[in-house]
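Fold and contact review
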Amino acid sequence: MTDGSDAALLDAVDDRSTPAWTRAHAAGIDRTERNVAPIIYPPEAPLDPALHVWDTWFLRRRDGSVAEIDGYRVIFALTSPSELLPGKRHDVAAIRYFYSRDGKNWTTGGRVFEESEPLGSRQWAGFALYDEGEVFAYYTAAGRRGEAELAYTQRIALGRGGAVETDGDGLRIEGPWDHFVLLEPDGEYYETEAQSRGMIYTFRDPWFFEDGDRTYLLFEANAPVPDSADVCGGDPAQREFNGCVGIAESPTGDPTDFELRPPLLDAVCVNQELERPHLIVRDGTYYLFVSSHDHTFAPGLDGYDALYGFAADSLRGDYEPLNGSGLVLTNPWNAPFQAYSWLAYDHGDEALVTAFFNYFDFDRPTLDDVALLPESEQLRRFGGTLAPTVRLRLDGRETRVAGTLDHGHLPLPSEELPEPWWEPGEDVAVSGYLTPPEADAGDGVLDVDDPDC
Ligand code: FRU
């Protein structure tokens, strides 16, 4: 720890020489047929009509493989009642689980925790570990239980003690759970709420990862940047954007005990939110993925709501942005907010990427404009379910969209996939999916009285 003075923080900033996503990299962000997913149309049925469902993650084993328990696989997701205005869902988020035998049809299991149990006034994204018959449910405790006014304090928490029961009727996850805080920002490697300047700070979205015999948690955070730091060409407006990918290590491998380590990557002067960091390791290359928003890029940079990625030759290696800019997968220009919160997992030669179906039939330049729509339209245009899975080829430092699967179709690596649209070696662009003919391109003018606008 430092004494918190500017000089001490500057030393900490200099010492750690964190690999950086720079403004020069991000200036290269551009939609091409390599990184744009097709337009998403609403599925015949959502995952659960009673729920809005967004950030989603698998129940996994310590080695990262998806747990299969008596033939079931399980996903955990942030949820709220579906009658709620979608923009309000973060304020009441609760973690529920869903299970499936085929990775296509999902049954709602219910809340992971009883309503009165977990830490925080609501729970944000996490990770679910199944180890020696016990479920360890990592999550973000947002706010504090019982608070009078909604607070944005974020702590990384763990519920341990869950058990999985299966019978002819399906699968149940049951407590009792023991809840505790695992990590809070220290003010040196990771910005505290008090240190943050503008936009909401971040300290959330834990993701468990084993590298050989070492045990880690990745998470989303911000790097403290003292006023006197010589960054962003001295532009104070840019330095407020200080997202980073945080990491903590368990010295003994105990999944309940972690210590903060310096960040893996930062985006100082570039972007405020590197959300839901996670890794795929293939043939010695560490692919680090994050989701980020159009509106969290620093002034002077244009990005998209997108999956961004970086690659290095070791966990603490010198991460380079994939495809030069970091952009891996984004939404079409005429449906720029149709999906978010991507999660990539390994599948043979491909990575499969799930996300949630966000706002469709909406081509305004900013998500803030959703609030201009009548409430019925805000509800109608929110997907609130799993998006179609996107197939991605990873080739060294390059990636390419190769096809899609159905909404919420999450095959295991052992399951074969149909022919993709695109195979390595083909140099022709796959036409028709950057701007499909059916897409409602809109005229960019929002007529709030017109329900079809
Ligand atoms: C991404 C995200 C996560 C957070 C959650 C809150 O969609 O911002 O970082 O945990 O949503 O709902």
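Residues numbered from 1 in each chain as written. Predicted model: local features only at pLDDT ≥ 70, side-chain atom pairs only at ≥ 80, totals over all residues. Heavy atoms only, no water.

A closer look at the side chain of Gln 378
Selection criterion: Numbering of helices and strands starts at the N terminus; helices are DSSP runs of H or I of at least 4 residues and strands are runs of E of at least 2. What makes two residues a contact is simply this: any of their non-hydrogen atoms within 4.5 Å.
If you trace the backbone, Gln 378 turns up in helix H4 (residues 375-380). Beyond its immediate stretch of four places on either side in the chain, Gln 378 contacts Leu 85, Pro 86, Tyr 359, Val 370, Ala 371 and Leu 373.

With respect to the state of the cysteines
Quick reminder of the rule: Cysteine sulfur atoms are paired as a disulfide whenever they fall within 2.5 Å. A simple rule labels every residue: compare its accessible area, found with a 1.4 Å probe on the protein chains alone, to the largest value its type can have, and call it buried under 20%, exposed over 50%, or partly exposed in between.
Under the defined criterion, the tally for this structure stands at 1 disulfide. In this model, Cys 232 is linked to Cys 269 through a disulfide, with the two sulfur atoms separated by 1.9 Å. Handedness of the Cys 232-Cys 269 disulfide follows from its S-S torsion of about -80°: it is left-handed. Here Cys 269 lies in the loop between strand S13 (259-268) and strand S14 (275-282) and Cys 232 lies in the loop between strand S11 (214-222) and helix H3 (236-239), a separation of 37 residues in the sequence. Comparing Cys 232 with Cys 269, the two get one shared label, buried. Free cysteine Cys 244: the closest other cysteine sulfur is in Cys 269, separated by 13 Å. Under the relative-accessibility criterion, Cys 244 is labelled buried at 0%.

Considering the site of the ligand
Defined as follows: Each residue is tested against the molecule or strand, and it is near if at least one of its non-hydrogen atoms lies within 4 Å. Pairing of N or O atoms within 3.5 Å defines a polar contact, subject to two protein rules: one partner must be a possible hydrogen donor and the other a possible acceptor, and residues neighboring in sequence count only if both atoms are side-chain atoms. Where accessible areas are quoted, they stem from the Shrake-Rupley method and a 1.4 Å probe; at the residue level, only the protein chains shown are allowed to cover.
Lining the immediate environment of the ligand, one finds Trp 54, Asp 55, Leu 78, His 90, Trp 124, Ala 125, Arg 204, Asp 205, Glu 220, Glu 275, Tyr 340 and Ser 341. A distance of 2.8 Å is found between an oxygen atom of the ligand and a side-chain nitrogen or oxygen belonging to Asp 55. The contact in question runs from an oxygen atom of the ligand to an N or O atom on the side chain of Arg 204, over 2.9 Å. Protein contact buries 94% of the 320 Å² of open area that the ligand shows by itself.

Some thoughts on the layout of surface pockets
Put simply, the rule is: Cavity: a set of points on a 1 Å grid over the protein atoms alone where a 1.4 Å probe fits but cannot get out. Pocket: an open set with protein on both sides within 12 Å along at least five of seven lines, its lining residues, like those of a cavity, having an atom within 4 Å of a point. Grid points are joined across faces, edges and corners, and a volume is the space filled by probe spheres set on the points. Classification convention: Asp, Glu, Lys, Arg as charged; Ala, Val, Leu, Ile, Met, Phe, Trp, Tyr, Cys, Pro as nonpolar; all other residues, Gly among them, as polar.
The space that makes up the largest pocket amounts to roughly 980 Å³. Along the wall of the largest pocket there are 33 residues; nearest its centre are Gly 87, Arg 89, His 90, His 293 and His 295. For the lining of the largest pocket, the secondary structure elements donating two or more residues are strand S1 (51-60), strand S5 (122-131), strand S10 (203-211), S14, strand S19 (339-347) and strand S20 (350-359). If one sorts the elements of the lining of the largest pocket by residue count, S20 sits on top with 3 residues. Split into classes, the residues belonging to the lining of the largest pocket amount to 14 nonpolar, 9 polar and 10 charged. Of the voids in this model, the second largest pocket is the one considered here, and its volume is about 330 Å³. Lining the second largest pocket are 17 residues, with Arg 60, Asp 63, Gly 64, Ser 65 and Leu 279 sitting closest to its centre.

Concerning the side chain of Glu 220
Tracing the chain through its elements places Glu 220 in strand S11. For Glu 220, a relative accessible area of 0% puts it in the buried group.

Some remarks on the pattern of salt bridges
The condition that has to hold: One side-chain nitrogen of Lys or Arg within 4 Å of one carboxyl oxygen of Asp or Glu is enough to make a salt bridge.
On inspection of all chains with the given rule, the structure shows 23 salt bridges. The partner of Arg 197 in a salt bridge is Asp 227, with the nearest N and O atoms 2.6 Å apart. Residue Arg 197 is found in the loop between strand S9 (178-183) and S10, and its partner Asp 227 is found in the loop between S11 and H3; the two are separated by 30 residues along the sequence. The exposure class assigned to Arg 197 is partly exposed, which follows from its relative accessible area of 34%. For Arg 397, the salt bridge is made with Asp 313, and the minimal N-O distance between the two is 3.3 Å. With Arg 397 in the loop between strand S22 (388-395) and strand S23 (398-407) and Asp 313 in the loop between strand S16 (306-312) and strand S17 (320-321), this pair connects stretches of sequence that are 84 residues apart.

Observations concerning the environment of Ile 200
You can see Ile 200 is positioned in the loop between S9 and S10. Placed 48 residues apart in sequence, Ile 200 and Tyr 152 show a C-alpha to C-alpha distance of 7.6 Å.

A closer look at the environment of Ser 292
Looking at the element boundaries, Ser 292 is found in strand S15 (residues 285-292). A residue is classified by how much of its surface remains accessible, and Ser 292, at 0% relative accessible area, is buried. For the pair Ser 292 and Asp 305, spaced 13 residues apart in sequence, the C-alpha to C-alpha distance is 5.7 Å. Setting aside chain neighbours within four positions, we find Ser 292 in contact with Asn 271, Glu 273, Tyr 304, Asp 305, Ala 306, Tyr 308 and Tyr 340. Within the structure, Ser 292 has its side chain in polar contact with the side chain of Asn 271 (distance 2.9 Å).

Structural notes on the environment of Asp 70
Mapping Asp 70 onto the fold places it in the loop between S1 and strand S2 (73-81). Here Asp 70 falls in the exposed class, since its relative accessible area comes to 55%. C-alpha of Asp 70 to C-alpha of Gly 170: the two residues are 100 residues apart in sequence and 9.7 Å apart in space. Ignoring anything within four residues of it in the chain, the contact list for Asp 70 reads Arg 101 and Thr 166.

Regarding the nonpolar core
Looking at soluble globular proteins, one finds that nonpolar side chains tend to be buried together. Keep this limit in mind: The set of buried Ala, Val, Leu, Ile, Met, Phe, Trp, Tyr and Cys residues whose side-chain atoms join them within 4.5 Å is what this entry labels a nonpolar core.
The biggest cluster of nonpolar side chains holds 70 residues, and the ones touching the most others in it are Trp 21, Tyr 138, Leu 183, Tyr 308 and Tyr 319. With sequence-adjacent residues up to four places away left out, Tyr 319 is seen in contact with Pro 19, Leu 264, Leu 265, Leu 279, Tyr 286, Leu 288, Phe 310, Ala 311, Ala 312 and Ser 314. Within the second largest apolar cluster, 60 residues are counted, among which are Ala 93, Tyr 97, Ile 280 and Trp 342.

Here's the deal with the packing of aromatic side chains
Defined as follows: Two rings from Phe, Tyr or Trp (for Trp, the six-membered ring) form a pair when their centres are within 6.5 Å of each other. A pair whose planes differ by under 30 degrees is stacked, one over 60 is edge-to-face, and the rest are tilted.
Within this structure, the stated rule accounts for 26 aromatic pairs. Between Phe 127 and Phe 208 the ring centres are 5.9 Å apart and the planes differ by 35°, which places this aromatic pair in the tilted class. Taken together, the positions of Phe 127 in strand S5 and Phe 208 in strand S10 put the pair 81 residues apart, joining distant regions of the chain. We classify Phe 127 as buried; its relative accessible area is 2%. A relative accessible area of 2% means that Phe 208 is categorised as buried. On the numbers, 5.0 Å between centres and 55° between planes, the contact of Phe 203 with Phe 219 is tilted. With Phe 203 in strand S10 and Phe 219 in strand S11, this pair connects stretches of sequence that are 16 residues apart. Here the two residues Phe 203 and Phe 219 agree in accessibility, since each one is buried.

From the geometry alone we can't say anything about function, so treat these as descriptive.
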